[in-house]
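# Report on the structure
These are the residues of each chain, in order.
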Amino acid sequence: MTLKSYLAARAKEVDAALDRHLPKKSAAPATIHAAMRYTVFAGGKRLRPILCLAAAEACGGTLENAMLPACAVEVLHTYSLVHDDLPCMDDDDLRRGRPTCHKVYGEGMAVLTGDALLTEAFLFLAQTPATKRYSAKDYVAELALTGGSRHLIGGQVLDLEGEGQKATKARLVKIHEAKTAALLMSSLRLGAMTANATPKQLEALTVFGHALGHAFQVIDDILDVTQSTEVLGKTAGKDAAVEKTTYPSLMGLEKSRKEAAKLTKQAMDALKPLGKSADRLHEIAAYLLEREY
Ligand code: GRG
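Figured I'd write up the structure that's included with this text. (Residues numbered from 1 in each chain as written. Predicted model: local features only at pLDDT ≥ 70, side-chain atom pairs only at ≥ 80, totals over all residues. Heavy atoms only, no water.)

### What about the overall build of the protein?
Just so we agree on the cut-off: Per the convention used, a helix needs a DSSP run of H or I reaching at least four residues, while a strand needs a run of E reaching at least two, with both numbered from the N terminus. Radius of gyration here uses only the C-alpha atoms, and the compact-globule reference equals 2.2 Å multiplied by the residue count raised to the power 0.38. Categorising residues by exposure relies on relative accessible area from a 1.4 Å probe, with only protein chains included: less than 20% of the type maximum marks a residue as buried, more than 50% marks it as exposed, and the intermediate range marks it as partly exposed. When checking whether two residues touch, look at their non-hydrogen atoms; a contact exists if any pair is within 4.5 Å. For the accessible areas, the method is Shrake-Rupley and the probe is 1.4 Å, while residue cover comes only from the protein chains on display.
Within the protein, the secondary structure is distributed over 14 helices and two strands. A globule of 293 residues ought to have a C-alpha radius of gyration of about 19 Å, and the protein, at 18 Å, matches this closely. By its C-alpha atoms, the protein is 50 × 50 × 35 Å across when sized along the principal axes. Per-residue burial over the protein gives 50% buried out of 293 residues. Residue pairs in contact within the protein that sit at least 24 positions apart in sequence constitute 72% of those at least 6 positions apart. Accessible surface computed for the protein: about 13200 Å², of which carbon and sulfur atoms make up 57%.

### Digging into helix α9 (residues 169–194)
Quick reminder of the rule: How far a helix is expected to stretch is found by multiplying one less than its residue total by 1.5 Å. Consider a residue and the seven residues that end there alongside the seven that start there; fitting an axis to each set, the bend is the angle between those axes.
Counted at 1.5 Å a residue, the expected span for α9 with its 26 residues is 38 Å, and the 36 Å between its end C-alpha atoms agrees. Along its length, α9 shows its largest kink, about 45°, at alanine 181.

### Describing the pattern of salt bridges
Opposite charge on two side chains makes pairing possible when the charged atoms of those side chains draw close. Definition in use: A pairing counts as a salt bridge when a side-chain nitrogen of Lys or Arg comes within 4 Å of a carboxyl oxygen of Asp or Glu.
Under the counting rule described, the total for this entry stands at 23 salt bridges. Between glutamate 57 and arginine 10 there is a salt bridge, with its nearest N and O atoms 3.2 Å apart. Here glutamate 57, found in helix α3 (residues 47–58), pairs with arginine 10, found in helix α1 (residues 3–21); they are 47 residues apart in sequence, far enough to count as distant. The exposure class assigned to arginine 10 is buried, which follows from its relative accessible area of 8%. For the salt bridge of arginine 257 with glutamate 254, the shortest nitrogen-to-oxygen distance reads 2.9 Å. Placement of the pair is arginine 257 and glutamate 254 together in helix α13 (residues 247–270), with a separation of three residues, close to one helical turn. Connected via shared salt-bridge partners are Asp15, Arg46, Glu74 and Arg96.

### A word on the site of the ligand
Filter applied, for reference: Note on terminology: near, applied to a residue and a molecule or strand, indicates that one of the residue's heavy atoms is within 4 Å of it. The term polar contact refers here to a pair of N or O atoms within 3.5 Å; inside protein, the definition further demands a hydrogen-donor-capable atom paired with an acceptor-capable atom, and it admits residues adjacent in sequence only when both atoms are side-chain atoms. Here the nonpolar group is Ala, Val, Leu, Ile, Met, Phe, Trp, Tyr, Cys and Pro; Asp, Glu, Lys and Arg are the charged ones; every other residue, Gly included, is treated as polar.
Among the 18 residues in the neighbourhood of the ligand, the closest are listed as Lys45, Arg48, His77, Tyr79 and Arg96. Interatomic distance of 2.6 Å between a side-chain N/O atom of lysine 45 and an oxygen atom of the ligand. Histidine 77 places a polar side-chain atom, nitrogen or oxygen, 2.8 Å from an oxygen atom of the ligand. Burial of the ligand by the protein chains amounts to 92% of its free accessible area of 720 Å². If you list the elements that add at least two residues to the shell around the ligand, you get α4 (63–84), α8 (152–161), α9 and α10 (199–226). The element that contributes the greatest number of residues to the shell around the ligand is α4, accounting for six residues. Tallied by class, the residues present in the shell around the ligand amount to five nonpolar, seven polar and six charged.

### Examining the nonpolar core
Where we set the bar: For the purposes of this section, nonpolar cores are sets of buried Ala, Val, Leu, Ile, Met, Phe, Trp, Tyr and Cys residues that join through side-chain atoms within 4.5 Å.
Core analysis: the largest hydrophobic core is formed by 64 residues, its most contacted members being Leu143, Leu205, Phe208, Leu281 and Ile284. Counting residues per element, this core draws most heavily on α4, which supplies ten residues. Leu172, Ala215, Ala236 and Tyr247 belong to the second-largest nonpolar core, a separate cluster that totals eleven residues.

### Comments concerning the packing of aromatic side chains
Test applied: A pair of Phe, Tyr and Trp rings is counted when the ring centres sit within 6.5 Å of each other, with Trp represented by its six-membered ring. The angle between the planes then sorts it: under 30 degrees is stacked, over 60 is edge-to-face, the rest tilted.
Evaluated as defined, the whole model comprises one aromatic pair. For the ring pair tyrosine 38 and tyrosine 105, a centre distance of 5.7 Å and an interplane angle of 65° mean the geometry is edge-to-face. In this pair, tyrosine 38 sits in helix α2 (residues 30–40) while tyrosine 105 sits in helix α5 (residues 101–105), placing the two residues 67 residues apart along the sequence.

### Structural notes on the environment of threonine 100
By the secondary structure assignment, threonine 100 is in the loop between β2 (98–99) and α5. You can call threonine 100 buried: its relative accessible area is 2%. Residues contacting threonine 100, with those up to four places away along its chain left out, are Asp85, Asp92, Asp93, Leu94 and Arg95.

Here it is, written out as structure tokens:
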């Protein structure tokens, strides 16, 4: 299967699973369930769940066992987007090519939509089958650590506190690590855990996810400068408009592209202990470096 068909097929399977597991639109109270579905099915790339499933396959596991964690990382990611777009955070009107959740449902409902998606993630993990090495407790702890104040939320705190000031490269790396790399890493780790990964496999995927997450954010910063709002499905040029420090603003576009390529190579090297079973992850890393949105 070509990578393009593989990504499309996995995204379709993830969408079907999200549709099965999320509360129905008509379930009471209907407004929150409609808002949750509006944001989840707005057309994201489904990168995190695809990484989760690919990591499970690389460690000899099944899509079936990895599907609930795949849904969990996607709903947690979607929650972070809904809250990040709020007027008290990044204040954005467009996400995934559609008006943001608060623009359609109002601010109060958007806060609750994010809260509900975050909570749902842990329900999915609690229902994930255990393996010999890992239990639902391990899955929940993995995502709780990543989603909490030590990583995702912590990164947002650094971002908020840094508003209006130029960040150093070290601070930027810290923010990227917390806001972006941590969740990509956990997506891979959770998939591997459902496949009863050995400590060696888990370590290789952790190193891969860390470097891939950094590369992903550097590319995201580049695309913010080089792409249009239509292609991105979110407001292009936002970083420069709010004078946010990014890789391009610190080192220029050319050096940023080199940095992304260097990080991608580091990620690919980390896959070596997994041998041929990690070919798909290798391909995904190459694709992300060249992505246009
Ligand atoms: C909890 C408010 C709050 C924030 C936590 C993760 C985060 C911090 C904020 C979300 C917004 C953001 C800029 C995150 C950085 C990671 C990133 C580039 C997200 C976009 O991911 P894509 O491109 O999005 O995979 P789609 O829409 O395709 O899923």
